[in-house]
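The chain contents come next:
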Amino acid sequence: MGWFILRPVLDAAFYWVIFGLLLRLGETSSNYVAFILVGVFMFQLTSHAITGGATLIRSSKPMIRAFAFPRAALAASLVLRELFVAFPAMGVMFIALMAIPPHELPTASWSFFPVLLALHTAMNLGFALLFGWLGSLLPDLAQAMSFATRFLMYGSAVIFPIERFIEHPTALAIIEANPIYLVLDMYRTALIDGGAPPASQWLSLLLWTAGLLTVGFALFWRDEERYGRE
(Lines give C-alpha, C1' and ligand atoms only; values in the text may rest on other atoms or scores of the structure.)
Protein backbone atom coordinates (compact mmCIF):
# COMPACT_ATOMS: atom_id res chain seq x y z
CA MET A 1 0.00 0.00 0.00
CA GLY A 2 2.93 2.30 0.62
CA TRP A 3 3.66 2.42 -3.11
CA PHE A 4 0.37 4.21 -3.72
CA ILE A 5 1.88 7.10 -1.74
CA LEU A 6 5.57 6.64 -2.55
CA ARG A 7 5.13 6.41 -6.34
CA PRO A 8 3.60 9.90 -6.86
CA VAL A 9 6.07 11.35 -4.34
CA LEU A 10 9.00 9.92 -6.31
CA ASP A 11 7.45 11.05 -9.60
CA ALA A 12 6.99 14.59 -8.29
CA ALA A 13 10.58 14.67 -6.94
CA PHE A 14 11.95 13.38 -10.26
CA TYR A 15 10.05 15.94 -12.33
CA TRP A 16 11.09 18.73 -9.97
CA VAL A 17 14.78 17.82 -10.34
CA ILE A 18 14.63 17.44 -14.14
CA PHE A 19 12.27 20.25 -15.10
CA GLY A 20 12.69 22.57 -12.13
CA LEU A 21 16.38 22.41 -11.30
CA LEU A 22 18.05 21.26 -14.52
CA LEU A 23 15.79 22.76 -17.20
CA ARG A 24 14.67 25.67 -14.96
CA LEU A 25 11.12 25.60 -16.26
CA GLY A 26 9.64 26.72 -12.97
CA GLU A 27 11.24 30.15 -12.86
CA THR A 28 7.99 31.81 -13.92
CA SER A 29 5.98 30.02 -11.22
CA SER A 30 5.69 31.42 -7.71
CA ASN A 31 5.68 27.90 -6.22
CA TYR A 32 6.85 25.34 -8.74
CA VAL A 33 7.05 22.53 -6.18
CA ALA A 34 3.37 22.96 -5.35
CA PHE A 35 2.58 23.20 -9.07
CA ILE A 36 4.15 19.78 -9.67
CA LEU A 37 2.69 18.19 -6.53
CA VAL A 38 -0.89 19.09 -7.43
CA GLY A 39 -0.38 18.11 -11.06
CA VAL A 40 1.21 14.70 -10.40
CA PHE A 41 -0.99 13.63 -7.49
CA MET A 42 -4.30 14.60 -9.09
CA PHE A 43 -3.43 13.53 -12.64
CA GLN A 44 -2.87 9.95 -11.49
CA LEU A 45 -6.60 9.59 -10.76
CA THR A 46 -7.46 10.20 -14.41
CA SER A 47 -4.48 8.22 -15.65
CA HIS A 48 -5.55 5.14 -13.69
CA ALA A 49 -9.16 5.49 -14.84
CA ILE A 50 -8.09 5.57 -18.50
CA THR A 51 -5.53 2.76 -18.36
CA GLY A 52 -7.75 0.62 -16.13
CA GLY A 53 -10.73 1.21 -18.41
CA ALA A 54 -8.82 -0.06 -21.45
CA THR A 55 -8.49 -3.54 -19.86
CA LEU A 56 -11.71 -3.45 -17.86
CA ILE A 57 -13.78 -5.92 -19.89
CA ARG A 58 -10.95 -8.34 -20.66
CA SER A 59 -9.82 -8.56 -17.03
CA SER A 60 -13.40 -9.03 -15.82
CA LYS A 61 -14.45 -11.82 -18.23
CA PRO A 62 -14.87 -14.54 -15.55
CA MET A 63 -17.12 -12.32 -13.44
CA ILE A 64 -19.13 -11.13 -16.45
CA ARG A 65 -19.81 -14.71 -17.56
CA ALA A 66 -20.61 -15.98 -14.08
CA PHE A 67 -22.98 -13.28 -12.82
CA ALA A 68 -25.74 -11.05 -14.15
CA PHE A 69 -25.20 -7.45 -13.11
CA PRO A 70 -25.01 -4.00 -14.75
CA ARG A 71 -21.63 -3.99 -16.49
CA ALA A 72 -21.23 -0.29 -15.80
CA ALA A 73 -20.69 -1.27 -12.16
CA LEU A 74 -17.23 -2.47 -13.21
CA ALA A 75 -16.25 1.04 -14.28
CA ALA A 76 -17.77 2.57 -11.15
CA SER A 77 -15.88 0.14 -8.91
CA LEU A 78 -12.62 0.91 -10.75
CA VAL A 79 -12.98 4.66 -10.28
CA LEU A 80 -14.10 4.41 -6.64
CA ARG A 81 -11.30 2.00 -5.79
CA GLU A 82 -8.71 4.35 -7.25
CA LEU A 83 -10.29 7.26 -5.37
CA PHE A 84 -10.21 5.48 -2.00
CA VAL A 85 -6.64 4.30 -2.56
CA ALA A 86 -5.60 7.87 -3.43
CA PHE A 87 -6.91 9.42 -0.18
CA PRO A 88 -3.67 8.80 1.80
CA ALA A 89 -1.65 10.21 -1.12
CA MET A 90 -3.85 13.32 -1.12
CA GLY A 91 -3.12 13.71 2.58
CA VAL A 92 0.61 13.61 1.83
CA MET A 93 0.06 16.18 -0.93
CA PHE A 94 -1.64 18.61 1.48
CA ILE A 95 1.08 18.11 4.09
CA ALA A 96 3.77 18.75 1.46
CA LEU A 97 2.00 21.89 0.24
CA MET A 98 2.05 23.28 3.77
CA ALA A 99 5.52 22.04 4.75
CA ILE A 100 7.65 22.85 1.69
CA PRO A 101 8.59 26.53 1.21
CA PRO A 102 7.08 28.89 0.27
CA HIS A 103 4.34 27.11 2.27
CA GLU A 104 0.80 27.06 0.90
CA LEU A 105 -1.30 27.41 4.04
CA PRO A 106 -5.03 26.59 4.14
CA THR A 107 -7.36 29.36 3.00
CA ALA A 108 -11.08 29.60 2.34
CA SER A 109 -10.45 28.64 -1.28
CA TRP A 110 -9.39 25.15 -0.15
CA SER A 111 -13.07 24.45 0.50
CA PHE A 112 -13.48 24.14 -3.30
CA PHE A 113 -11.34 20.99 -3.27
CA PRO A 114 -14.12 18.48 -2.31
CA VAL A 115 -16.42 19.88 -5.01
CA LEU A 116 -13.66 19.72 -7.61
CA LEU A 117 -12.80 16.19 -6.51
CA ALA A 118 -16.43 15.08 -6.90
CA LEU A 119 -16.61 16.51 -10.43
CA HIS A 120 -13.18 15.05 -11.22
CA THR A 121 -14.35 11.61 -10.06
CA ALA A 122 -17.48 11.83 -12.21
CA MET A 123 -15.34 12.84 -15.19
CA ASN A 124 -13.03 9.87 -14.52
CA LEU A 125 -16.05 7.57 -14.54
CA GLY A 126 -16.90 8.90 -17.99
CA PHE A 127 -13.34 8.16 -19.14
CA ALA A 128 -13.47 4.64 -17.65
CA LEU A 129 -16.75 3.89 -19.43
CA LEU A 130 -15.53 5.30 -22.74
CA PHE A 131 -12.19 3.49 -22.68
CA GLY A 132 -13.87 0.35 -21.34
CA TRP A 133 -16.03 0.31 -24.45
CA LEU A 134 -13.08 1.08 -26.73
CA GLY A 135 -11.00 -1.62 -25.04
CA SER A 136 -13.71 -4.20 -25.69
CA LEU A 137 -13.59 -3.36 -29.41
CA LEU A 138 -9.79 -3.04 -29.68
CA PRO A 139 -8.06 -5.64 -27.51
CA ASP A 140 -4.63 -4.18 -28.31
CA LEU A 141 -5.63 -0.74 -27.06
CA ALA A 142 -3.94 -1.46 -23.74
CA GLN A 143 -0.58 -1.53 -25.52
CA ALA A 144 -0.99 2.13 -26.48
CA MET A 145 -2.09 3.35 -23.06
CA SER A 146 1.38 4.21 -21.78
CA PHE A 147 1.87 6.47 -24.82
CA ALA A 148 -1.61 7.97 -24.47
CA THR A 149 -1.22 8.81 -20.78
CA ARG A 150 2.24 10.28 -21.41
CA PHE A 151 0.80 12.43 -24.20
CA LEU A 152 -2.02 13.57 -21.90
CA MET A 153 0.46 14.35 -19.14
CA TYR A 154 2.55 16.66 -21.34
CA GLY A 155 -0.57 18.17 -22.93
CA SER A 156 -2.31 18.88 -19.63
CA ALA A 157 0.36 21.00 -17.89
CA VAL A 158 1.01 18.34 -15.25
CA ILE A 159 4.69 19.18 -14.80
CA PHE A 160 5.28 22.54 -16.49
CA PRO A 161 3.21 25.57 -17.58
CA ILE A 162 2.30 25.13 -21.23
CA GLU A 163 2.14 28.89 -21.76
CA ARG A 164 5.95 28.97 -21.91
CA PHE A 165 6.01 26.86 -25.07
CA ILE A 166 2.80 27.67 -26.95
CA GLU A 167 2.40 31.18 -28.29
CA HIS A 168 -0.23 30.47 -30.96
CA PRO A 169 -3.58 31.53 -29.44
CA THR A 170 -5.63 28.86 -31.24
CA ALA A 171 -3.36 26.01 -30.16
CA LEU A 172 -3.29 27.35 -26.62
CA ALA A 173 -7.09 27.60 -26.55
CA ILE A 174 -7.41 23.96 -27.69
CA ILE A 175 -5.12 22.74 -24.93
CA GLU A 176 -6.86 24.89 -22.33
CA ALA A 177 -10.15 23.26 -23.37
CA ASN A 178 -8.68 19.87 -22.48
CA PRO A 179 -10.76 18.69 -19.47
CA ILE A 180 -7.72 17.29 -17.65
CA TYR A 181 -5.85 20.57 -18.03
CA LEU A 182 -9.00 22.37 -16.91
CA VAL A 183 -9.47 20.44 -13.66
CA LEU A 184 -5.77 20.63 -12.77
CA ASP A 185 -5.76 24.39 -13.35
CA MET A 186 -8.82 24.72 -11.09
CA TYR A 187 -7.13 22.67 -8.35
CA ARG A 188 -4.09 24.95 -8.55
CA THR A 189 -6.19 28.09 -8.45
CA ALA A 190 -7.90 26.91 -5.27
CA LEU A 191 -4.91 25.35 -3.48
CA ILE A 192 -1.95 27.47 -4.63
CA ASP A 193 -3.30 30.83 -5.80
CA GLY A 194 -5.84 31.06 -3.00
CA GLY A 195 -8.65 32.09 -5.31
CA ALA A 196 -11.92 30.78 -6.64
CA PRO A 197 -11.86 29.20 -10.11
CA PRO A 198 -13.79 31.44 -12.54
CA ALA A 199 -17.37 30.64 -13.48
CA SER A 200 -16.37 29.88 -17.06
CA GLN A 201 -14.12 27.04 -15.87
CA TRP A 202 -16.86 25.61 -13.66
CA LEU A 203 -19.26 25.65 -16.60
CA SER A 204 -16.71 24.02 -18.92
CA LEU A 205 -15.93 21.30 -16.36
CA LEU A 206 -19.63 20.59 -15.82
CA LEU A 207 -20.21 20.31 -19.57
CA TRP A 208 -17.19 18.03 -20.04
CA THR A 209 -18.25 15.82 -17.14
CA ALA A 210 -21.85 15.55 -18.31
CA GLY A 211 -20.75 14.90 -21.89
CA LEU A 212 -18.21 12.20 -21.00
CA LEU A 213 -20.67 10.47 -18.66
CA THR A 214 -23.49 10.56 -21.23
CA VAL A 215 -21.43 9.40 -24.21
CA GLY A 216 -19.40 6.89 -22.20
CA PHE A 217 -22.44 5.31 -20.56
CA ALA A 218 -24.46 5.21 -23.79
CA LEU A 219 -21.69 3.44 -25.73
CA PHE A 220 -20.80 1.12 -22.86
CA TRP A 221 -24.42 0.15 -22.18
CA ARG A 222 -25.20 -0.38 -25.89
CA ASP A 223 -22.74 -3.29 -26.12
CA GLU A 224 -23.43 -4.70 -22.67
CA GLU A 225 -24.71 -8.07 -23.93
CA ARG A 226 -21.69 -8.54 -26.19
CA TYR A 227 -19.19 -8.42 -23.33
CA GLY A 228 -20.19 -11.82 -22.01
CA ARG A 229 -20.33 -13.55 -25.41
CA GLU A 230 -16.85 -12.74 -26.67
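Residues numbered from 1 in each chain as written. Predicted model: local features only at pLDDT ≥ 70, side-chain atom pairs only at ≥ 80, totals over all residues. Heavy atoms only, no water.

Peer 1: Tell me about unusual backbone geometry, and please be specific about residues and values.
Peer 2: Following P101, the chain continues to P102 via a peptide bond in cis, the omega torsion being 5°. Secondary-structure assignment places P102 in the loop between α5 (72–99) and α6 (112–137). If you check the backbone angles, H103 has positive phi at about 60° while not being a glycine. As for its position among the elements, H103 is in the loop between α5 and α6. According to the relative accessible area criterion, H103 is partly exposed, its value standing at 39%. Not every positive phi belongs to a glycine, and A157 is a case in point at roughly 60°. Among the secondary structure elements, A157 is positioned in the loop between α7 (145–155) and α8 (169–176). (Helix = DSSP H or I, 4+ residues; strand = E, 2+ residues; numbered from the N terminus. Buried < 20%, exposed > 50% of the residue type's maximum accessible area, 1.4 Å probe, protein only.)

Peer 1: How would you summarise the packing of helix α2 (residues 32–54) against α7 if you had to cite specific residues and measurements?
Peer 2: The contact between α2 and α7 brings their axes to 10 Å, and the two run at 155°. Relative to α7, the element α2 lies roughly antiparallel. In the crossing of α2 with α7, the sense of the turn from one axis to the other is right-handed. Each of F43, S47, I50, T51 and A54 in α2 lies in contact with α7, whose residues at this interface are M145, T149, L152 and M153. When grouped by side-chain class, the residues that make up the contact of α2 with α7 number six nonpolar, three polar and no charged. (Axes fitted to C-alpha atoms, helices over the stretch in contact; angles between N-to-C directions. Parallel < 35°, antiparallel > 145°, perpendicular 65-115°, else oblique. Left-handed = near helix turned anticlockwise from the far one by under 90°. Contact = heavy atoms within 4.5 Å. Nonpolar A, V, L, I, M, F, W, Y, C, P; charged D, E, K, R; others polar.)

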